[in-house]
Amino acid sequence: MSFKTDFKPIALKDTNLFKPIKVGNTELKHRAVFPPLTRRRAIYPGNIPNKDWAATYYDQRSQRPGTMLITEGTFISPQAGGYDHVPGIWSEDQITQWEKIFNKIHDNKSFVWVQLWALGRQSTPDTLARDGLRYDSASDGIYMNDQSKELAEKSNNPQHGITKDEIKQYIKEYIQAAKNSLAAGADGVEIHAANGYLLNQFLDPKSNHRTDEYGGSIENRSRFTLEVVDALVDAIGEDKIGIRLSPYGTYGNVSGGTEPLIVAQYSHVIGELEKRAKAGKRLAYIHLVEPRVTDPSLAEGVGEYHDGTNDFVYSIWKGLIIRAGNLALYPEITKEFIKDGRTLIGFGRYWIANPDFPDRLEKGQPLNNYDRDTFYSLTSEGYIDYPTYDEAIKSMY
Ligand code: PHB
């Protein structure tokens, strides 16, 4: 194991990052959040969290008491999925494995939120066809790219703009998945409305060409996302719900910052959330992908958007905000962001490689390098074998 060499860590122990904060019903001891990270090690068939490794992976990353973890994106139903090695939370087998994972996290006195995921057109039409499932999105035939189009045509599963009844069905599945998450012991759920996935496909004018009340205007494009929020608030309570948004994201061929009305689109959604908050139903947090990362499939620093910021969100939303996006190697920026008393920071890729990541942030210790090749490999390597700082030092002598 080697440390990242071209990087000077700074101890953040005297900043707000290491002050406690309450999120929903959980009392965090610091504000570094383990964000949702796809790792593709779930068991096929069944989309079951990996029985050999997943509990250890989450156990290692929740060692510091009072840490908030958000799970990897987790399918709410088979129709919402289509990746064989991503976990779901609809079956008994899945819930049983999640329970074991959540118990480990709680044994460490840390907390866990389940990220509720529906892929839409970012899914794989041939895999869905194999399982007798539709290839869904906001609109018929507005493919993400030529490859998706070809695959959809070849597997005779063309992209389908979901009907209003199908929207209602998705909402039911969000509710059931949220209830299952709590039944498995989670502290809350996060609605994934970012990074070009199904809800983002409705929010975005490039992917949403609908002519009914779910398309055509900013208000209409926001409707599905807000209906999911309202349904979950009724089902499990606003304090157990967060939502993830990526206003400047282009992943999955959505607009990003070049669309003049994109900030207006997100201002509307966030304004609606703040209206509900003022009426007594404040969500636990809003989780923002920073314009520092517009496409999470690219390496850090590639695809940054420099002509806009997420600062507008602070003018609208008066609750907690998690900001994530290539911040582990930029402690000076973290220091600036965290000065705000209602901000938390998500650190993804380097937390994969540094199970004791919050301790290293606190003390300004060097970071293990990560191995990108094993982010999505079906191996325990690159998953549960990264050393803590002490272990790394020992192995060097
Ligand atoms: C990914 O698997 O690459 C992925 C998943 C969820 C995201 C972003 C990227 O929100």
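Within any chain, residue numbers begin from 1 and follow the written order of that chain's sequence. In keeping with the predicted nature of the model, local features appear solely for residues at pLDDT of at least 70, side-chain atom pairs appear and are counted solely at 80 or more, and the whole-chain, interface and lining totals rest on all residues. Working from all heavy atoms in the structure, the side-chain values ignore hydrogens and water.

- Regarding the protein chain, the UniProt comment filed under Sequence similarities (unreviewed entry) reads as follows: "Belongs to the NADH:flavin oxidoreductase/NADH oxidase family."
- UniProt positions are given in the numbering used here, feature names are shortened, and annotations may be inferred rather than shown by experiment. In its Cofactor (unreviewed entry) section, the UniProt record describing the protein chain reads: "FMN".

1. Some details on the side chain of Gln 79
Reasoning step 1: For Gln 79, the position within the fold is in the loop between β5 (74–75) and α2 (92–107).
Reasoning step 2: In the analysis that follows, any N or O atom pair within 3.5 Å is treated as a polar contact, provided that within protein one partner can donate a hydrogen and the other can accept it, and provided that, for residues neighboring in sequence, both atoms belong to side chains. In this structure the side chain of Gln 79 is engaged in a polar contact, spanning 2.8 Å, whose partner is the backbone oxygen of Arg 134.
Reasoning step 3: Apart from residues lying up to four places away in sequence, Gln 79 is in contact with Leu 128, Leu 133, Arg 134, Asp 136 and Tyr 170. Secondary structure elements follow DSSP: runs of H or I of four or more residues count as helices, runs of E of two or more count as strands, with numbering from the N terminus. A contact between two residues is defined here by any heavy atoms of the two lying within 4.5 Å.

2. Some details on unusual backbone geometry
Reasoning step 1: A cis geometry characterises the amide bond from Tyr 44 onward to Pro 45, with omega recorded as -5°.
Reasoning step 2: Checked against the element boundaries, Pro 45 lands in the loop between β3 (32–34) and α1 (54–61).
Reasoning step 3: If you check the backbone angles, Lys 109 has positive phi at about 65° while not being a glycine.
Reasoning step 4: Here Lys 109 lies in the loop between α2 and β6 (111–117).
Reasoning step 5: Accessibility here uses a 1.4 Å probe with only protein chains present; expressed as a share of the type maximum, an area under 20% marks a residue as buried, one over 50% as exposed, and anything in between as partly exposed. Of the residues examined, Lys 109 reaches a relative accessible area of 58% and is grouped as exposed.
Reasoning step 6: One non-glycine residue with positive phi stands out, namely Asn 156, at about 55°.
Reasoning step 7: Assignment of secondary structure puts Asn 156 in the loop between α4 (146–154) and β8 (159–161).
Reasoning step 8: Judged by relative accessible area, which is 67%, Asn 156 ranks as exposed.

3. Observations concerning the UniProt feature "domain: NADH:flavin oxidoreductase/NADH oxidase N-terminal" (unreviewed entry) in the protein chain
Reasoning step 1: UniProt marks residues 16–368 with the feature "domain: NADH:flavin oxidoreductase/NADH oxidase N-terminal" (unreviewed entry), using the numbering shown here.
Reasoning step 2: Taken end to end, residues 16–368 comprises 36% helix and 14% strand; its first and last C-alpha atoms sit 24 Å apart.

4. Points about the packing of aromatic side chains
Reasoning step 1: By convention, a stacked pair of Phe, Tyr or Trp rings (six-membered ring in the case of Trp) has centres within 6.5 Å and planes under 30 degrees apart, an edge-to-face pair has planes over 60 apart, and any other such pair is tilted. Following the criterion strictly, the structure yields 23 aromatic pairs and no others.
Reasoning step 2: Judged by centre distance (5.9 Å) and plane angle (75°), the ring pair of Tyr 83 and Trp 117 falls under edge-to-face. Here the residue Tyr 83 occupies a position in the loop between β5 and α2, and Trp 117 occupies one in strand β6, the gap between them amounting to 34 residues.
Reasoning step 3: A relative accessible area of 10% means that Tyr 83 is categorised as buried.
Reasoning step 4: Classification of Trp 117 by relative accessible area gives buried; the value is 3%.
Reasoning step 5: Whether a charge lies above a ring is judged from NZ of Lys or CZ of Arg, which has to be within 6 Å of the ring centre and within 35 degrees of the ring normal. A cation over a ring is seen here: Arg 40 above Tyr 83, with NZ or CZ 4.3 Å from the ring centre.
Reasoning step 6: We note Arg 40 situated over the ring of Tyr 376; from NZ or CZ to the ring centre the distance is 5.5 Å.

5. Some thoughts on the site of the ligand
Reasoning step 1: The near set for a molecule or strand comprises every residue that places at least one heavy atom within 4 Å of it. Contacts to the ligand come from Thr 38, Trp 117, His 192, Asn 195, Tyr 197, Tyr 251, Pro 296 and Tyr 376.
Reasoning step 2: Interatomic distance of 3.3 Å between a side-chain N/O atom of Thr 38 and an oxygen atom of the ligand.
Reasoning step 3: Between the ligand and the protein, one listed contact pairs an oxygen atom with a side-chain N or O atom of Tyr 251 at 3.4 Å.
Reasoning step 4: Considered on its own, the ligand offers 280 Å² of accessible surface; in the complex 88% of this is hidden by protein.
Reasoning step 5: Of the residues in the shell around the ligand, the class split is five nonpolar, three polar and no charged. Shrake-Rupley sampling with a 1.4 Å probe provides the accessible areas, and residues are treated as covered by the protein chains on show and by no other component. Think of it as three bins: nonpolar holds Ala, Val, Leu, Ile, Met, Phe, Trp, Tyr, Cys and Pro, charged holds Asp, Glu, Lys and Arg, and polar takes everything else, Gly as well.

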